[in-house]
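Listed here are the chains, written in short residue letters.
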Amino acid sequence: MIRVLLVGGIVAAFLGGLAVGGLYWSLVRDLPDFTTLADYRPPLTTVVLDRHGEPIAEFFVERRRMVPLADVPQVVIDAFLAAEDDTFYEHGGVDYRSILRAAWANVRAGGETVQGASTITQQMVKQLLLSPEQTYTRKIREALLAQRIEDRFTKEEILELYLNQIYFGAGAHGIAEAALTYYGKPIGEVTVAEAAMLAGLPKAPGRHSPFLSPERSEDRRRYVLDRMREEGFLDDATWQAARDEPPELATPAFRENFADAAYFSEQVRRRLVDVLGNDQLLGGGLVIETTLDLALQHQATEAVRAGLVAHDHRQGYRGAVRSVGSTDLTDPAGPLAGIAEENGGIDRWPEGHEPPQPLLGVVLRLDEKAGHATVGFAPGLEAQVALDDVTWARPYGDDHRWDKVDSLDDVFAVGDVARFRVQPSDDGTAVARLYQEPLAEGALLSFEIGTGEVLALVGGRDFEQSEFDRTTQARRQPGSAYKPLIYAAAVESEFTPASTVYDRPVVYDDPESGVSWRPENYGRKFLGAITLREALARSVNNAAIHVLQEIGVGRVLDLSRRLGIESRLDRNLGLALGVSPVTLLEITRAYATLAAGGHTVEPIFVRRVLDRDGQVLLEHLPLDEERPSGGATRLAAEEAGKAGEAAMDPATAYLAASLLRDVVEHPRGTGRRARSLGRTLGGKTGTTNDGGDAWFVGFSPDVATGAWVGFDEDHVLGRGETGGRAALPIWIDFMKVALEGRPKRDLVVPDGIVFARIDAATGLLAAPGSEDTVFQAFLAGTAPTARAEARAAAPESERRLRLDF
């Protein structure tokens, strides 16, 4: 019997051992390879920088920045140890005492899980190697892996992996991103009070979020502080000070720049998705060094917005959003309560600055004698609108363009709901300005002529409303902004600035299209025989058509391609009036090439793309998608150097550029307002026949800039809304800042150029004593030899003749 029992026991032990071994084998046979943690490469945020290293955008699938443990303040480490694993430096991956303590606490709570026992190492295993499922099998596998990891990695390495991997809520992965997301500061600047809040988040990021649940967040923060004191990490004075110092939440200041750079950043994103792929862009932790100048980008955005608002004001006021009637306006539960909710629950003015967005307000009272209206934005929250600030608000449309606003009731009625910009004062009062969202769109593109580097790009009025980029994606008729290419082809074809062209009523039979047509000038006045420079400066339509007909459409098409116009161009005389749509990028690049002495200027918007290890992936990425980018490999310097190939003879290009200078410097030039900048400038206005597009494209010797105003759909801008009125002010406002700090200089005069003083009217050599003369550039051997008769300057009224087409 004893023998039988002994044999049975041995067999049972053997079978039990097999069972335990089998169970152990089933748990460990497919454990993840934890050795891969030695090359921990989680998804990282890709950062886009401007030319000065300022962040302008971020791309990510998980918003995370890696930080070495050495850069994490000790107080942060202490907070996590106290909150999550106070025996971290003692256990071997699993804390059995904590397991027993947690089990007893949970039993006492009636089986509810009120206390956990996972160590930091186990939490890291769950985050990086296992699924989050709540099963005993997963917990055992987690413990086994935690012990193996403790044997393979140091405590510091484990802690660094943990702090960079865990999720803190609000889209923040890792401790460095959490400090930015919640406090707007780098992790190295976090205080004791702030560290305690961060350490309290990983347990339940949503439940303890200071954004969503401030009270629970504060309770959790105080719990962490108490644990820090219990573990000896804080003395009583520091603990008390931290408890009495609730952290102030803040977003990173640099992210406020993202909105103004959104169109540019989207260009970067689209291009790099094509070249590098979405996964590498969103998770590769790339550093994208761009050419953008953030300060100029802000100026460009403001210039476009101001120009569109000014245009919108010239069209008049489209009326109130709605009316709530004139009763119950003082009732706290009346219409003002609803308006306050629509304004995001506002109940006081922000200190020191105006609200970032226009607010809805109700007109409460009109005081004609005092000259202001009182507007309510919430119960007890009011501001005043002065009559002088709404004189633009005549009824909308050309039929009312001469109407005047003489009183407040010409604009408002009590109970009107409208949008206002509000500027609070230090004394608690506020001033409001009537606001309506512009209907027209606008765009601006600017780049350096010498390097091609893009300085600013504004693709529309508001990226949130429309991501369509009107600098590169929209093809619009350039109108007279295309005429410089006609005249550039003319000076390549033996015309000179002093050549006589004709502006007279005529019917053209277009041999290319077979259509007969009779063009007119803006203002419908014909000037007769004039010089080539005068014709371009005053944007004379018939003269441009006369020149195009004489030199042939083919010459202009050929030059247009050389200057970088890639859009389809109609082969007919309408080319002289800019009827073939082009992009803002194309036409601005063409002007820049003229200013560069005929050398092709290729706009570049990305200087370098670095991977997370600092290796260069790309260089010198061109803005034009059709230009070679070098694929997913480093773009060789000699490939980038192709920008600069000769598109025109330098002397001929200089002559064409000098004609564009006349547009600005001529007393009747359509770009004469730009003379206020006091610089050497060239450029040209453009307005389409139907008044749907307004342009100004121009350059200094250093910077080329194009501005456009119009509608995405067919719609007129309004009577009198020419390029000189709608687009040129935007260009001036931007260039005034863009040229600050740059030395004043002239275009470089190449070999083969001579100068002669000519009579402005006839183009002949100026007679001694003549007053209306011009010092004009010519190709060597083409200057006039005949001399004009002496004459006085033209009358002021004639010099100011309006031809702004």
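Residues numbered from 1 in each chain as written. Predicted model: local features only at pLDDT ≥ 70, side-chain atom pairs only at ≥ 80, totals over all residues. Heavy atoms only, no water.

## Some points on the overall build of the protein
Step number 1: Looking only at helices and strands, the protein features 23 helices and 24 strands.
Step number 2: Within the protein, the proportion of its 805 residues that are buried is 54%.
Step number 3: Across the protein, every contact between residues at least 6 apart in sequence was considered, and the portion connecting residues at least 24 apart equals 68%.
Step number 4: Carbon and sulfur atoms provide 51% of the accessible area of the protein, an area that totals close to 35,800 Å². (Helix = DSSP H or I, 4+ residues; strand = E, 2+ residues; numbered from the N terminus. Buried < 20%, exposed > 50% of the residue type's maximum accessible area, 1.4 Å probe, protein only. Contact = heavy atoms within 4.5 Å. Areas by Shrake-Rupley, 256 points an atom, 1.4 Å probe, with all protein chains shown as cover.)

## Considerations on the pattern of salt bridges
Two side chains of opposite charge can pair, provided their charged atoms sit close to one another.
Step number 1: Scanning all chains against the criterion turns up 47 salt bridges.
Step number 2: The partner of Glu453 in a salt bridge is Arg51, with the nearest N and O atoms 2.9 Å apart. Of this pair, Glu453 sits in the loop between β12 (441-448) and β13 (454-458) while Arg51 sits in the loop between β1 (46-49) and β2 (55-59), placing them 402 residues apart in sequence.
Step number 3: The exposure class assigned to Glu453 is buried, which follows from its relative accessible area of 14%.
Step number 4: One connected set of salt bridges, linked through shared partners, spans Arg51, Glu448, Glu453, Arg607 and Arg742. (Salt bridge = Lys/Arg side-chain N within 4 Å of Asp/Glu carboxyl O.)

## Some thoughts on the packing of aromatic side chains
Step number 1: A complete count under the given rule lists 13 aromatic pairs for this structure.
Step number 2: With a centroid separation of 5.9 Å and 80 degrees between ring planes, the pair formed by Phe264 and Phe605 is classed as edge-to-face. Of this pair, Phe264 sits in helix α11 (residues 262-276) while Phe605 sits in strand β18 (residues 604-610), and the two are 341 residues apart along the sequence.
Step number 3: Exposure remark for Phe264: the relative accessible area of 0% places this residue in the buried category.
Step number 4: The class for Phe605 is buried, based on a relative accessible area of 0%. (Phe/Tyr/Trp six-rings, centres within 6.5 Å; stacked < 30°, edge-to-face > 60°.)

## A word on the sheet that holds β18
Adjacent strands of a sheet form backbone hydrogen bonds with each other and so pair up, either parallel or antiparallel.
Step number 1: Spatially, the five strands line up as an open sheet ordered β2-β1-β5-β18-β19, and their pairing is mixed. Looking at the sheet topology across the chains shown, the edges are occupied by β2 and β19 (616-622). Adjacent strand axes in the sheet meet at a mean angle of 15 degrees when their direction is disregarded.
Step number 2: Relative to strand β5 (residues 287-290), β1 runs parallel, the two sharing three bridges. In the strand pairing of β5, Val48 is matched with Ile288. (Pairing = 2+ DSSP bridges. Axes fitted to C-alpha atoms, helices over the stretch in contact; angles between N-to-C directions.)

## Here we look at the confidence of the model for the protein
It should be kept in mind that the predicted coordinates are not to be read in detail where pLDDT is low.
Step number 1: Per-residue confidence for the protein gives a mean pLDDT of 88; residues scoring 70 or more make up 85%.
Step number 2: Between residues 20-27, whose pLDDT stays under 50, and residues either more than four places distant or in other chains, the model counts seven contacts.
Step number 3: This stretch, residues 629-643, has a pLDDT under 50; its non-local contacts, to residues over four places away or in other chains, come to 22 contacts. (pLDDT = per-residue confidence, 0-100.)

## Remarks on helix α21 (residues 650-665)
Step number 1: Between its terminal C-alpha atoms α21 stretches 22 Å, which fits the 22 Å expected from 16 residues at 1.5 Å a residue.
Step number 2: Taking burial as the measure, the 16 residues of α21 include 14 buried ones, the bulk of the element.
Step number 3: At the N-terminal boundary of α21, the capping side chain belongs to Asp649, with an oxygen 3.1 Å from the backbone nitrogen of Ala651. (Expected span 1.5 Å × (residues − 1). Polar contact = N/O pair within 3.5 Å; in protein donor to acceptor, adjacent residues only side chain to side chain.)

## Description of unusual backbone geometry
Step number 1: A positive phi angle, near 55 degrees, is found at Ala170, a position not held by glycine.
Step number 2: With respect to the element layout, Ala170 can be found in the loop between α6 (155-165) and β4 (172-173).
Step number 3: In this structure, His620 takes a positive phi of about 55 degrees despite not being glycine.
Step number 4: Here His620 lies in strand β19.
Step number 5: Relative accessible area serves as the criterion here: at 34%, His620 is assigned to the partly exposed category.

## Remarks on the side chain of Gln297
Step number 1: Mapped onto the secondary structure, Gln297 falls in helix α13 (residues 294-315).
Step number 2: Overall, the relative accessible area of 0% leaves Gln297 in the buried class.
Step number 3: Non-local contacts of Gln297, meaning those with residues more than four positions away in its chain, are made with Asp260, Ala261, Leu292, Leu455, Ala456, Leu457 and Val458.

## Some points on the sheet that holds strand β22 (residues 703-710)
Step number 1: In space, the five strands of this open sheet follow the order β13-β12-β22-β21-β20, with antiparallel pairing throughout. This sheet does not close on itself; its edge strands, each paired only once, are β13 and β20 (682-687). Taken pair by pair, the neighbouring strands of this sheet meet at an average axis angle of 5 degrees, ignoring direction.
Step number 2: Summarising the sheet, strand β21 (residues 693-699) and β22 pair through seven bridges and their orientation is antiparallel.

## Looking at a negative patch on the surface
Step number 1: Residues Asp367, Glu368, Asp406, Asp409 and Asp410 make up a contiguous surface patch of negative charge.
Step number 2: For Asp409, the position within the fold is in the loop between β9 (381-386) and β10 (416-424). (Patch = residues over 30% accessible without salt bridge, like charges linked within 9 Å, V, L, I, M, F, W, Y side chains within 5 Å. Lys, Arg positive; Asp, Glu negative; His and termini not counted. Charge placed at Lys NZ, Arg CZ, Asp CG, Glu CD.)

## Comments concerning the pairing of strand β7 (residues 359-367)
As a general feature of sheets, a regular strand has side chains that alternate between the two faces.
Step number 1: Here four bridges tie β7 to β10, and the two strands are oriented antiparallel to one another. Residue pairing for β10: Leu360 is matched across the bridge by Arg419.
Step number 2: Relative to strand β8 (residues 372-378), β7 runs antiparallel, the two sharing five bridges. The residue of β8 that forms the bridge with Val362 is Gly376.
Step number 3: Two successive antiparallel strands, β7 and β8, enclose a turn made up of four residues, where Gly371 displays a positive phi of approximately 80 degrees.

## A word on the environment of Arg476
Step number 1: By the element assignment, Arg476 lies in the loop between β13 and α15 (483-491).
Step number 2: For Arg476, a relative accessible area of 16% translates into the label buried.
Step number 3: Between the alpha carbons of Arg476 and Gly692 there is a distance of 9.3 Å; along the sequence they are 216 residues apart.
Step number 4: At 2.8 Å, the side chain of Arg476 forms a polar contact with the side chain of Asp693.

## What to know about the packing of α15 against helix α17 (residues 541-551)
Step number 1: The interhelical angle for the contact between α15 and α17, taken along N-to-C directions, is 45 degrees, at an axis separation of 10 Å. When the axes of α15 and α17 are compared, the pair comes out oblique. Relative to α17, α15 is oriented so that their crossing is left-handed. Of the residues in α17, those touching α15 at Lys483, Ile486, Tyr487, Ala489 and Ala490 are Asn541, Ala543, Ala544, Val547, Leu548 and Ile551.
Step number 2: Per-class residue counts for the contact of α15 with α17 are nine nonpolar, one polar and one charged. (Parallel < 35°, antiparallel > 145°, perpendicular 65-115°, else oblique. Left-handed = near helix turned anticlockwise from the far one by under 90°. Nonpolar A, V, L, I, M, F, W, Y, C, P; charged D, E, K, R; others polar.)

## A short note on a nonpolar patch on the surface
Step number 1: Residues Phe211, Leu212 and Leu249 make up a contiguous nonpolar surface patch of about 310 Å² in total accessible area.
Step number 2: Tracing the chain through its elements places Phe211 in the loop between α8 (192-199) and α9 (214-230).
Step number 3: Judged by relative accessible area, Phe211 falls into the partly exposed class, the value being 43%.

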